[in-house]
Each structure stands twice: as C-alpha cells, then as structure tokens.
Amino acid sequence: MSTIIEQADRRTFLKTTSGMVAGLALGGSLTEAMAKAAGNAAYSIPLGVYAAYDKADFLRKSGCAYIEESVAGFLIPEGGDAGYEKNLEHLKTEHFPIKSYVILLPASLKTLGPEANHEAILQRTETVLKRAKECGSQFVVFGSGASRIIPDGFDKAKAKAQHIELTQKMAPMAEKYGVTIAVEPLNRGETNFINSLAEGVEIVDAVKSPRVKLLCDIYHMLKEDEPASEIVKYGKHIVHCHIAEKEKRTPPGVKGDDFRAYLGALKKIGYKGGLSIECFVYTDFEKEAKRGVEVLKQQLSEV
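A quick note: this is a predicted structure, and the numbers were derived from the prediction, not measured.

Enquirer: Mind laying out the packing of helix α7 (residues 156-177) against helix α8 (residues 197-207), listing which residues take part and the relevant values?
Expert: The geometry of α7 relative to α8 is characterised by a closest axis approach of 9 Å and an angle of 55 degrees between their N-to-C directions. Here α8 runs oblique to α7, going by the angle between their axes. Note on packing geometry: the crossing formed by α7 with α8 is right-handed. In contact with Lys160, His163, Ile164, Thr167, Gln168 and Ala171 of α7, α8 contributes Glu202, Ile203, Ala206 and Val207. Residues belonging to the contact of α7 with α8 are distributed by class as follows: five nonpolar, three polar and two charged.

Have a look at this one:
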C-alpha cells in the first residue's frame, strides 16, 4: 500500500513541478502569475450621485449605493427646523442612505480675510454635524470656495492661518458627533486657496484630527492638470471622492472622458470609500446620471 501511495505522490509532484517549469520557461513565475490574477480582479467601489433627495428611489434603481445631498438643501433648508424634520422623515421612509453633504458654507460666511466670521460659521457647523449624525451620514464636505477666497492685497499667510484656526475649532465638533469633515481642494476658477491635494493635506496635517480628512475631486484635479499620482502620494488622507468630466462638469459618458488613470490610482491605494458624480447642470438628469453610473462601473472594472 505504501508503495502505491508513494508512486501516486511522485506522479503528483512531477505533474506540479513540470507545470511550474513550463511556466518559468515562458518567462513567468508562480508568484508573478498569482499577483497578476489578483491584479486583474475587477475593482468596484460604492457609487453615488449628488442630487436632491427626491431622486433617491431613481438612483437606487440605477445602481447607486447612496445619494449625496447639500447642506442647504437637506440639513438647513429654507423651511427651517420644520423643513429639516420633514426631510428626516423622508429619509427614514425611503431608507436610502445620504453618505455626504456638499457646500457647508454659503458665500456670505467668510472663513478668512477682514470679513471672516468664525462665530457664525461654528454655530452653523454645529447644527450641520448634529443633523448629519441624526441622518446616519458619514461626511460633510468643506469646499465652499466662495467663502475662502483670499481678498486682493490680503496677506496669504494670515489667510491660511485664519482658515486653519477655524478648522481646528470645527474638529472637536466633528469628533463629538462622529462625522468627518472632508477638506476639498477646488480649481482656481472657483477659489484662490487650497487648489491641490497637497494644499488640502497642509490643512489636514495642521488640524491633526481623526475627523478632518481629505476629499479627492477628480474633476478639480483635471481642471488643475493634477496627475493621478497625487492620489497615490496622499492616499492615506483620502476618505471621499467626487468626479465629473473636465470640460463642462458633465457626468461620465457625456463627453467621453477616460478616468481610468485616476480610478487606477484609487485602486492602488486600496480605496473603498464612495465616489460621487457631482454635477450641477444636466440636459436630462435621469438619462445622464444613469449613464454616468454605468460608465464608471465599466471603467472601474477595467483598471
């Protein structure tokens, strides 16, 4: 019996080693083959769209994992507290998550410059973070480009210090409510301060809070000719992402932009957070948003 087993084991060993030798003869290795197979695994991350919450059911049916709303549209609506309570009931009924909120501050509330109004901003931020927690949301995006424009002639170092000081005061609120503030770099057509991932990281590093992190907006990166390699460089800080086509901020699939270099960078850093299509003008919202989700899924699968 032992002889039969030994012969069988020998045949198995020879078959295995001959296959390995054949692979090596073709210039490969078992480790390389395994790495290649792992690298070819389809990459997917949760997708969402920035839209009013009445689009929630449509977006769910279109393959989205969540929706992204605006601070003024959902958390602090024109209807005041009553309007917010109505929105909250809609959310509880619909059961479709709001992952994040954009446009934390209106243009009238300045974070820097001679008209900086930190007291009013902090009051608003407290309400926003409290309500975001009540809604089960993860992020509030701190872009608000018009509120952080450095006025002509104003000292840039002082402006930066003002903005950091404000964000440092926001951080304990974010920690209290368990909602992350995502600092968003914007292109220079929208503001003259924090225009790259590197500049966003300067704010994050200065604040030093687990609840103040970085948002990566591929649209703004494209507008600033910021390479995808910056995502890899600053990947440890990135918690949320936005995307749109470069020319007119249209959804993926309208102009046909190829985002695979940037999506590949997200894959390289092991990013598993959300990716939101953030556009403000649609020719046909349902058609273009649905197509945008389909295009992103396709390009993600190809990186």
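So that's the structure; there's more coming.
Enquirer: Please provide a residue-by-residue account of the packing of aromatic side chains, values included.
Expert: Tallied over the entire structure, the rule returns five aromatic pairs. Seen in terms of ring centroids, tyrosine 53 and phenylalanine 74 are 5.6 Å apart; in terms of plane orientation they differ by 65 degrees. Their pairing is edge-to-face. Note that tyrosine 53 is positioned in the loop between β1 (47-50) and α3 (56-61) and phenylalanine 74 in helix α4 (residues 71-75), a separation of 21 residues in sequence. What makes tyrosine 53 buried here is its relative accessible area of 3%. With centroids separated by 4.8 Å and ring planes inclined at 75 degrees, the aromatic side chains of tyrosine 282 and phenylalanine 285 adopt a geometry described as edge-to-face. For the pair tyrosine 282 and phenylalanine 285, one class covers both residues: buried. Taken together, the ring pairs connect Tyr53, Phe74 and Tyr101 into an aromatic cluster. Cation over ring: lysine 99 sits above tyrosine 66, and NZ or CZ is 5.4 Å from the ring centre.

Calculation criteria
- Residues numbered from 1 in each chain as written.
- Predicted model: local features only at pLDDT ≥ 70, side-chain atom pairs only at ≥ 80, totals over all residues.
- Heavy atoms only, no water.
- Axes fitted to C-alpha atoms, helices over the stretch in contact; angles between N-to-C directions.
- Helix = DSSP H or I, 4+ residues; strand = E, 2+ residues; numbered from the N terminus.
- Parallel < 35°, antiparallel > 145°, perpendicular 65-115°, else oblique.
- Left-handed = near helix turned anticlockwise from the far one by under 90°.
- Contact = heavy atoms within 4.5 Å.
- Nonpolar A, V, L, I, M, F, W, Y, C, P; charged D, E, K, R; others polar.
- Phe/Tyr/Trp six-rings, centres within 6.5 Å; stacked < 30°, edge-to-face > 60°.
- Buried < 20%, exposed > 50% of the residue type's maximum accessible area, 1.4 Å probe, protein only.
- Lys NZ or Arg CZ within 6 Å of the ring centre and 35° of its normal.

Interpretation in functional terms is not warranted from these geometric data alone.
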